[in-house]
Amino acid sequence: MINIIFLGAPGSGKGTQATIIAKDLFIPTISTGEILRNEVAKDNEIGKLAKIYMESGGLVPDKIVVEMIKSRISMPDCNNGFILDGFPRNIVQGQILDDMLDSIDRKINAVIEIIVADEIIIKRISGRFSCKNCGMVYNHFFNLPKLINTCDKCGGVNFENRSDDNLEIVSNRLKTYHNNNRELVEFYRKKHLLSSIDGLKEIPLVNYEIRKVLNIHNKN
Ligand code: AMP
């Protein structure tokens, strides 16, 4: 059994890397951001409350996310382990997670921190747009369609931005991240669980570094 935490700013690529590693290890990725977005889409009580915090770029109250994680980790597909993406987000959540795992005789085996400079993150997120028709994702700075205003994949001519990808919210999300992350990183460094990876490189290269740290043999 292996339980892993991925730390990193929004847009650092931690979600992408977590998904790739989880697939190879046959364990689920648990993303609190994704669980919360589902609650928001359902427009239920938790979703309505969470939306207010999410739209400001701040953190949803610990009590809500801790309950979500508790019930998700106790599901049978987590019996062989799990990867946490976006939890814990602060030291309080980190401590609660430790206690929670202790009580079921489990522990965190590794913490991967993916580091990317803020200037790049801002370009990665605020430059993101997608084809309204097929969902293909592009970026104003790094990845434009070959033909101007025409989707490479489906030829669609209408594009859209994600509502929380605007510059103001992205800056707030980054501020929130830096305010909480230093303490969390120290917490795991002291436990000798932390490995920091440069997330600036291409996806396969970052993945290679993570595999080295986790001692997973490359498939190709
Ligand atoms: P993410 O997709 O991980 O960037 O999360 C999107 C938003 O959901 C964040 O900006 C927070 O408002 C909220 N969120 C996700 N995970 C947590 C967490 N562990 N604690 C508090 N809020 C969270």
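Whatever comes next refers back to the structure up there.
Below: a short report on this structure. Source: prediction; values computed, not measured.

## What about the sheet that holds strand E7 (residues 159-160)?
Thought 1: A sheet is described by the order of its strands in space; here three strands give the open sequence E6-E5-E7, paired in antiparallel fashion. Looking at which strands have only one partner, the edges of the open sheet turn out to be strand E6 (137-139) and E7.

## Some remarks on the side chain of threonine 32
Thought 1: Considering the arrangement of structural elements, one finds threonine 32 in helix H2 (residues 32-42).
Thought 2: Here threonine 32 falls in the buried class, since its relative accessible area comes to 3%.
Thought 3: Threonine 32 has contacts with Val65, Ile69, Asp85, Gly86, Phe87 and Arg89, leaving out every residue within four places of it along the chain.

## What about the site of the ligand?
Thought 1: In the vicinity of the ligand lie 14 residues, with Thr32, Arg37, Gly58, Gly86 and Gln93 positioned nearest.
Thought 2: A distance of 3.2 Å separates an oxygen atom of the ligand from a polar atom in the side chain of arginine 89.
Thought 3: Side-chain polar atom of glutamine 93 to a nitrogen atom of the ligand: 2.9 Å apart, as the coordinates give it.
Thought 4: Element by element, the count of residues in the shell around the ligand is highest for H2, at four residues.
Thought 5: Across the shell around the ligand, the residue classes break down as six nonpolar, five polar and three charged.

Reading the values: rules and limits
Residues numbered from 1 in each chain as written. Predicted model: local features only at pLDDT ≥ 70, side-chain atom pairs only at ≥ 80, totals over all residues. Heavy atoms only, no water. Pairing = 2+ DSSP bridges. Helix = DSSP H or I, 4+ residues; strand = E, 2+ residues; numbered from the N terminus. Buried < 20%, exposed > 50% of the residue type's maximum accessible area, 1.4 Å probe, protein only. Contact = heavy atoms within 4.5 Å. Near = heavy atom within 4 Å. Polar contact = N/O pair within 3.5 Å; in protein donor to acceptor, adjacent residues only side chain to side chain. Nonpolar A, V, L, I, M, F, W, Y, C, P; charged D, E, K, R; others polar.

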